[in-house]
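# Observations on the model geometry
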Amino acid sequence: MIPKAFHIMAKPAGSACNLNCDYCFFLKKEKLYPGSDFRMSDEVHEAYIQQLFEAHQVPQVTVAWQGGEPTLLGLDFFRRSMELQRKYQKPGTRIENTFQTNGILLSDEWCRFFYDNNFLIGLSMDGPKELHDSYRKDQGGHGTFDRVMRAARLLQKHKVEFNILCTVNRKNADHPLEVYRFFRDELKTNYIQFIPIVERINESGETGYQEGNQVTDRSVRPEQWGRFLIDIFDEWVKRDVGKTFVLNFDGALAGWLGMAGTVCIFGPTCGLGMVLEHNGDLYSCDHFVEPSYYLGNILTTPMIELVASEKQRKFGQDKKNMLPRYCRECGLLFVCNGECPKNRFIETPDGQAGLNYLCAGYKAFFKHADKPMRIMADLIRRGRLAEEVMAIWASEEGNLKAKFANAGRNDPCPCGSGKKFKRCHGGQDIKA
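Cut-off values and rules
Residues numbered from 1 in each chain as written. Predicted model: local features only at pLDDT ≥ 70, side-chain atom pairs only at ≥ 80, totals over all residues. Heavy atoms only, no water. Helix = DSSP H or I, 4+ residues; strand = E, 2+ residues; numbered from the N terminus. Rg over C-alpha atoms; globule rule 2.2 N^0.38 Å. Buried < 20%, exposed > 50% of the residue type's maximum accessible area, 1.4 Å probe, protein only. Contact = heavy atoms within 4.5 Å. Areas by Shrake-Rupley, 256 points an atom, 1.4 Å probe, with all protein chains shown as cover. Lys, Arg positive; Asp, Glu negative; His and termini not counted. Charge placed at Lys NZ, Arg CZ, Asp CG, Glu CD. Salt bridge = Lys/Arg side-chain N within 4 Å of Asp/Glu carboxyl O. Polar contact = N/O pair within 3.5 Å; in protein donor to acceptor, adjacent residues only side chain to side chain. Axes fitted to C-alpha atoms, helices over the stretch in contact; angles between N-to-C directions. Parallel < 35°, antiparallel > 145°, perpendicular 65-115°, else oblique. Left-handed = near helix turned anticlockwise from the far one by under 90°. Nonpolar A, V, L, I, M, F, W, Y, C, P; charged D, E, K, R; others polar. Phe/Tyr/Trp six-rings, centres within 6.5 Å; stacked < 30°, edge-to-face > 60°. Lys NZ or Arg CZ within 6 Å of the ring centre and 35° of its normal. Core = buried A, V, L, I, M, F, W, Y, C linked by side-chain atoms within 4.5 Å.

### As for the overall build of the chain
- Counting secondary structure elements, the chain contains 14 helices and 14 strands.
- Its C-alpha atoms give the chain a radius of gyration of 23 Å, near enough to 22 Å, the size a compact globule of 432 residues would have.
- Here the C-alpha coordinates of the chain stretch approximately 75 × 50 × 45 Å along the principal axes.
- Burial statistics for the chain: of 432 residues in total, 50% are counted as buried.
- Taking the intrachain contacts of the chain between residues at least 6 apart in sequence as the baseline, contacts between residues at least 24 apart amount to 66%.
- Counting every atom, the chain has about 20,200 Å² of accessible surface; 50% of that belongs to carbon and sulfur.
- Of the side chains in the chain, 57 bear a positive and 54 a negative charge, and the two mean positions are spaced by 6 Å.

Following this line, the structure appears as C-alpha cells:
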C-alpha cells in the first residue's frame, strides 16, 4: 500500500555540526560515510524535492531540514531549495519548511530569509544557562547558552515563528519548573517539546547505536522523567492551557481523544517518518540511521518505492507486533502504545524482553494526568476549548483540599486512590 503522505527528515550536512554536545547520538554517524564532505549535492537536493512533491497526494507537503547542523551549508543552499520547491510545487499545494538548528550561525540575513519564506524554526535549548551549558558545548568545550539566546532574540526580532526543543537529561531533569518557567517567562516562547535523553551503551562501550541495555550517566532516569512531566503539567494545567503549547501534553491528550499517534512515539505503529542522508541514502527513522535500517538511495530507487517497501512496512508494524504482553495488557496502552521502539530494551516484571526503559516514568505521569486529561478530552468533544479545564480543575482542587482537611487518618483517601488517608495524601504536605 502506497501512503498518500509521509515525512522525510533531510540532513543536508549529514552528521556534521559546529557543536560537540556530550549526549548527541548523531555525531557518531560520521563513521557511516568515511571521507565524505557531508554536503548534499544539487543532484540529490533536486531529486529529494522532486520525488517528495510528486509522491504526496495531499494538499500540504512538509520539507524538513535537520542535522547535524543545516546552517553549515549556507544560505545559498536554501535559496536554491526555494527555487526547486517552486519548480516542482503542484497547483494548490501548500509547502511548509521546518528547520531544526542550534542557532549558533543565525544572523539577521538568515532570519529575514526564514521570515520571507515562512520557515518554522526549531531551536535547541536545554533551559537556563547553567543547565543548558552542562552538555551543550562547542568544539572547544565551551558552553553555548549566550549564543543560543542571541539566536532566539534574532528570531523574535524578525518575527520568525519558532519553537523550543529541549532535551531532558540527568542534569536538568531535577529542575522541571526552573526549565519550564525559563522558556515561558524569560524566553517567552509559546511552543515547547521535551525530548528524554536515553543514551544506550553497547557491549563495546560505544554509544550512538540502538544496542545494549545499559545507559550513560547523562541519560534521564525513568522516575526523573515522570516527575519532570508531572511537575510541569501541574503548573501548565492550572494556568497555561491554550497559551503555552507543550507537544508532550498535546500528544498525550490525543490518546484520551482516541487519536493516539499525532506524535509518532505514541502511535500504535510507525514507519512514516524517515531520514534522508546528505548523499541520498534513506533510512527507516532518525533514531535508526544504521546499516540494518538502510532502505536504499533515492538516486537509484524512487523515494516512494523505498517508503512503501516491505522492509519499511515491517519496521513500522513491528512497533505494535513486538510489544510484550505486559504492555498489551496495560490499562494505559491507549495513550502510550509502548512509546518509541528505540527505548524498548529492558525486561518486564515477568522477564519478557521489550519493555520501554521509561515505562515507570510514563506510567506515573499518565496516571497523575488522567483526570484533567479526561476533562479536556470531554471539553473538546463537546466543541469547547481545552483551556476551560483551568477553571474546572481549580474548583475541583479546592473541593479536594476541603475533603483532605476533614478526612480521618484511617478513612479512604478522598483522592480516590483506594488507600487509607494516612498512607496517601494524609502523609504528605497537603499544600504541596
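Now that the structure is up, let's keep going.
### Some points on the pattern of salt bridges
- The tally for this structure, following the rule as stated, stands at 29 salt bridges.
- Notably, a salt bridge pairs Asp108 with Lys157, separated by 3.0 Å at the nearest N-O pair. Of this pair, Asp108 sits in helix H3 (residues 108–116) while Lys157 sits in helix H5 (residues 145–157); the two residues are 49 residues apart in sequence, bridging distant segments of the chain.
- In this structure Asp108 comes out as partly exposed when scored by relative accessible area, which is 29%.
- Among the ionic pairs, Glu388 bridges to Arg384, the shortest N-O distance being 2.5 Å.
- Beyond isolated ion pairs, a larger network of salt bridges with shared partners links Arg181, Arg184, Asp185, Glu235, Arg239 and Asp240.

### Describing the environment of Leu73
- Mapped onto the elements, Leu73 comes out in the loop between strand S2 (60–65) and helix H2 (75–88).
- Residues Leu73 and Tyr294, 221 residues apart in the sequence, show an inter-C-alpha distance of 24 Å.
- Not counting residues up to four positions away in its chain, the partners in contact with Leu73 are Pro12, Ala13, Arg39, Met40 and Phe78.

### Some thoughts on the side chain of His278
- Examined against the element boundaries, His278 turns out to sit in the loop between strand S10 (273–276) and strand S11 (281–283).
- On the basis of relative accessibility, which here comes to 4%, the residue His278 falls in the buried class.
- Reaching out from His278, the side chain makes a polar contact with the side chain of Ser36 at a distance of 2.8 Å.
- If we skip the residues at most four places from it in the chain, His278 touches Lys11, Pro12, Gly14, Tyr33, Ser36, Phe38, Arg39, Met40, Ser41 and Val44.

### Structural notes on the packing of helix H6 (residues 176–187) against helix H7 (residues 222–239)
- Where H6 meets H7, the closest approach of the two axes is 8 Å, and the angle between their N-to-C directions is 45°. Of the possible angle classes, the one that applies to H6 and H7 is oblique. Note on packing geometry: the crossing formed by H6 with H7 is right-handed. Taking contact as the criterion, the partners of Pro176, Leu177, Val179, Tyr180, Arg181 and Arg184 in H6 are, on H7, Phe228, Asp231, Ile232, Glu235, Trp236 and Arg239.
- Across the contact of H6 with H7, the residue classes tally to seven nonpolar, no polar and five charged.

### Thoughts on the environment of Val44
- The residue Val44 is located in helix H1 (residues 42–55) in this model.
- Sequence separation between Val44 and Arg381 is 337 residues; the distance between their C-alpha atoms is 45 Å.
- If we ignore the near neighbours within four places in the chain, the residues touching Val44 are His278, Asn279, Gly280, Ile298 and Leu299.

### Quick notes on the packing of aromatic side chains
- By the definition in use, this model includes 38 aromatic pairs.
- Ring centres of Tyr362 and Phe366 lie 5.5 Å apart, and the angle between their planes is 20°; this geometry places the pair in the stacked category. Taken together, the residues Tyr362 and Phe366, both in helix H13 (residues 359–381) and four residues apart, mark about one turn of the helix. As far as the burial class goes, Tyr362 and Phe366 line up, both buried.
- Through successive ring pairs, a cluster of aromatic residues spans Phe194, Trp225, Phe228, Phe233, Trp236, Phe249, Trp256, Phe266, Phe334, Tyr362, Phe365 and Phe366.
- Positioned above the aromatic ring of Phe26 is the side chain of Lys11, whose terminal nitrogen or guanidinium carbon lies 4.0 Å from the ring centre.

### Side note on the nonpolar core
- By size, the foremost hydrophobic cluster in this structure holds 104 residues, and its most contacted members are Ile8, Tyr48, Phe114, Phe183, Phe194, Phe365 and Phe366.
- Here the element with the most residues in this core is H13; it accounts for nine residues.
- Every residue in contact with Phe183, bar those within four places of it in the chain, is listed here: Met125, Asp126, Gly127, Ile164, Cys166, Lys188, Thr189, Ile192 and Phe194.
- Counting residues in each nonpolar core, the second largest holds seven residues, with Phe26, Phe38, Val275 and Tyr283 among its members.

### A look at the environment of Ile380
- Tracing the backbone through its elements, the reader meets Ile380 in helix H13.
- Not counting the four nearest positions on each side in its chain, Ile380 is found in contact with Leu253, Leu257 and Ala386.

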